[in-house]
Structures are given as structure tokens and as C-alpha cells.
Amino acid sequence: MTRRGDACGVIAMRVRHGFAGDPMETIIVTSSAFRNGGTIPARFTCDGPDVSPPLSWTGVPAGAKGLALICDDPDTPAGDWVHWVMYDIPPSTTALAENQPTTQTLPGGAKQGVNDFRKIGYGGPCPPGGTHRYFFTIYTLDIALNLEPGKTKAELLRALQGHIVAQGQLMGAYTRTR
């Protein structure tokens, strides 16, 4: 896997295991609310209404059967803190609007898992201290997962093993100002 950045600060990830015979694929993940490496606005955190940020992506390979999303914070004292798990996203989807419902199944069929707040859907940044980083990772899959709603990050990652054909990542940071 290689990483590259562009002048806008977008990180694209190349994964070296695509569809048979295909070259490496790149997915570019962006948000209209913050730049890669920038500050996540309070609106998308526990210091605001705590709604999910808008996300969009390009570069989903032809032939993809599904997409998945994980948002996590690797900077917590206990290790990764999971903020959002979503899967069975139709491969034709290129964006998630701001303020996704916190329901098990979304219009269009995507399913949401359980975050580390023990809730379905998005739970925004709420670091106990310092600046934390939040990684929004989109995975393109060579299969449709057809999982039940409510899976954890660990359960989703097990289901993804051997089926990720491309991925992309957007990172935002947040510091509480209490």
C-alpha cells in the first residue's frame, strides 16, 4: 500500500490487490466541511449537535460489489475508539450527506454498526483531552457483504478480509475547548 498527498491535502491510498488483472485502484475521500488534516467543526462533535459530516469519494473501481466505512480515533489512551461503522453501501454511492440518521438501515440499503459509544450510527469526536485524529476510511469490496445491522468494527474487519480492492482515507482533527 502506498500513500500520496496532493496540493489540497487529500490523501489517496493505493491497495495492491485489485480485481484480477486490474491495476492498483485509488479512492479519494473528501468532505466539504473540513480539509484532510484540518479541524473538524464543532457541529460534528459532542460540543455541537453531533451530526455526521458530509463525505464524498471518487475512484470506486468498476465491478465493485459494495462499500464500507469506518471512522475511528487512534489517539485514545485505551487504543482505537470507533465513531462510525457502515457497510453494505451500494457501490454506486459517491457521497453521504451531512446528518445521516442513526438508524440500523439507511434509505438505499446501507447498514450501520455499533460504535464505541454503544450506539448505532455516527458518534462524533469528544476527546477527553488534547488533540485527537479521526480517520474516515472508505473500503471498496469485491463482494456484497449482506451482513445484519449492528456489527462492530472488529466484526466488519473480519468480513472484509480478502475482499478489499481499494480504499481511501480522510483525516480530521479535533481539540475540545471546554
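Preceding this paragraph is the structure being described.
Remember, predicted model here, so these are calculated numbers, not experimental data.

Rules used in this analysis
- Residues numbered from 1 in each chain as written.
- Predicted model: local features only at pLDDT ≥ 70, side-chain atom pairs only at ≥ 80, totals over all residues.
- Heavy atoms only, no water.
- Helix = DSSP H or I, 4+ residues; strand = E, 2+ residues; numbered from the N terminus.
- Buried < 20%, exposed > 50% of the residue type's maximum accessible area, 1.4 Å probe, protein only.
- Contact = heavy atoms within 4.5 Å.
- Salt bridge = Lys/Arg side-chain N within 4 Å of Asp/Glu carboxyl O.
- Disulfide = S-S within 2.5 Å.
- Pairing = 2+ DSSP bridges.
- Phe/Tyr/Trp six-rings, centres within 6.5 Å; stacked < 30°, edge-to-face > 60°.
- 1 Å grid on protein atoms, 1.4 Å probe; cavity = no way out; pocket = protein on both sides within 12 Å on 5 of 7 lines; lining within 4 Å.
- Points joined across faces, edges and corners; volume = space filled by probe spheres on them.
- Nonpolar A, V, L, I, M, F, W, Y, C, P; charged D, E, K, R; others polar.
- Core = buried A, V, L, I, M, F, W, Y, C linked by side-chain atoms within 4.5 Å.

Asker: Is there a simple way to think about the side chain of threonine 45 in this case?
Answerer: Its place among the elements puts threonine 45 in the loop between β3 (25-30) and β4 (55-58). For threonine 45, a relative accessible area of 0% corresponds to the buried category. Sequence-distant contacts of threonine 45, that is, excluding residues within four places in its chain, are made with Ile40, Asp50, Gly124, Pro125 and Tyr174.

Asker: Sorry if this is basic, but what is going on with the pattern of salt bridges here?
Answerer: When the charged atoms of two side chains lie near each other, side chains of opposite charge can form a pair. Counted according to the given criterion, the structure contains 6 salt bridges. Here arginine 176 and aspartate 47 are joined by a salt bridge, their closest N and O atoms 2.6 Å apart. Residue arginine 176 is found in the segment after β10 (164-175), and its partner aspartate 47 is found in the loop between β3 and β4; the two are separated by 129 residues along the sequence. For aspartate 47, a relative accessible area of 34% puts it in the partly exposed group. Lysine 153 is the partner of aspartate 72 in a salt bridge, and the nearest nitrogen-oxygen pair spans 2.5 Å. A residue pair is termed long-range when its members are at least 10 positions apart, and aspartate 72 in strand β5 (residues 66-73) and lysine 153 in helix α1 (residues 153-160) qualify at 81 residues. Through salt bridges with shared partners, one network takes in Asp72, Asp80 and Lys153.

Asker: Just checking my understanding: could you explain the environment of valine 114 for this structure?
Answerer: Within the secondary structure, valine 114 sits in the loop between β8 (111-112) and β9 (131-141). Look at valine 114 and you get partly exposed, because its relative accessible area is 25%. Those residues in contact with valine 114, other than ones at most four positions away along the chain, are Val85, Lys119, Ile120, Gly150, Lys151 and Thr152.

Asker: I keep staring at the state of the cysteines and nothing clicks. Help me out?
Answerer: In protein structure, a disulfide is the covalent linkage between the sulfur atoms of two cysteines. This model, assessed by the stated rule, comprises 1 disulfide. There is a disulfide in this structure between cysteine 46 and cysteine 126, and the S-S distance comes to 2.2 Å. Looking along the S-S bond of the cysteine 46-cysteine 126 disulfide, the torsion reads about 80 degrees, which is the right-handed sense. Of the two residues, cysteine 46 is situated in the loop between β3 and β4 and cysteine 126 in the loop between β8 and β9; the sequence distance between them amounts to 80 residues.

Asker: What exactly am I supposed to notice about the pairing of β4 here?
Answerer: Looking along a regular strand, one sees the side chains alternate between the two faces of the sheet. Residues Leu55 and Trp57 line the buried face of β4, whereas the alternating positions Ser56 and Thr58 sit on a face that is not buried. Bridge analysis of β4 against strand β7 (residues 95-96) gives 2 bridges, and the strand direction is antiparallel. By the bridge assignment for β7, leucine 55 is matched with leucine 96.

Asker: How do you make sense of the packing of aromatic side chains when you look at a structure like this?
Answerer: One pair of aromatic rings is described through two measures. These are the centre distance and the angle between the planes. The full count for this structure, using the stated rule, is 3 aromatic pairs. Judged by centre distance (5.4 Å) and plane angle (70 degrees), the rings of tryptophan 81 and phenylalanine 117 are edge-to-face. Separated by 36 residues along the polypeptide, tryptophan 81 in strand β6 (residues 81-89) and phenylalanine 117 in the loop between β8 and β9 bring together distant segments of the chain. A residue is classified by how much of its surface remains accessible, and tryptophan 81, at 29% relative accessible area, is partly exposed.

Asker: Is there a simple way to explain the layout of surface pockets in this structure?
Answerer: Think of a ball as big as a water molecule: rolled over the atoms, this probe shows where empty space is left. Here the largest pocket defines a volume of roughly 150 Å³. Considering the residues around the largest pocket, the lining is formed by Cys46, Asp50, Thr102, Asn115, Phe117, Lys119, Ile120, Tyr122, Gly123, Gly124 and Cys126. Classifying every residue of the lining of the largest pocket gives 5 nonpolar, 4 polar and 2 charged.

Asker: Help me understand the nonpolar core, please; the structure alone is not making it clear to me.
Answerer: The tendency in soluble globular proteins is for nonpolar side chains to be buried side by side. Judged by nonpolar contacts, the single largest core of 24 residues is most densely connected at Leu55, Trp57, Leu69, Trp84, Met86 and Phe136. Looking at this core, the elements with two or more residues in it are β3, β4, β5, β6, β9 and β10. Not counting chain neighbours up to four residues away, the residues in contact with tryptophan 57 comprise Ile27, Ile28, Val29, Leu67, Thr93, Thr94, Ala95, Leu96 and Ile138. Ala68, Tyr139, Leu141 and Leu156 belong to the second largest nonpolar core, which has 12 residues in total.

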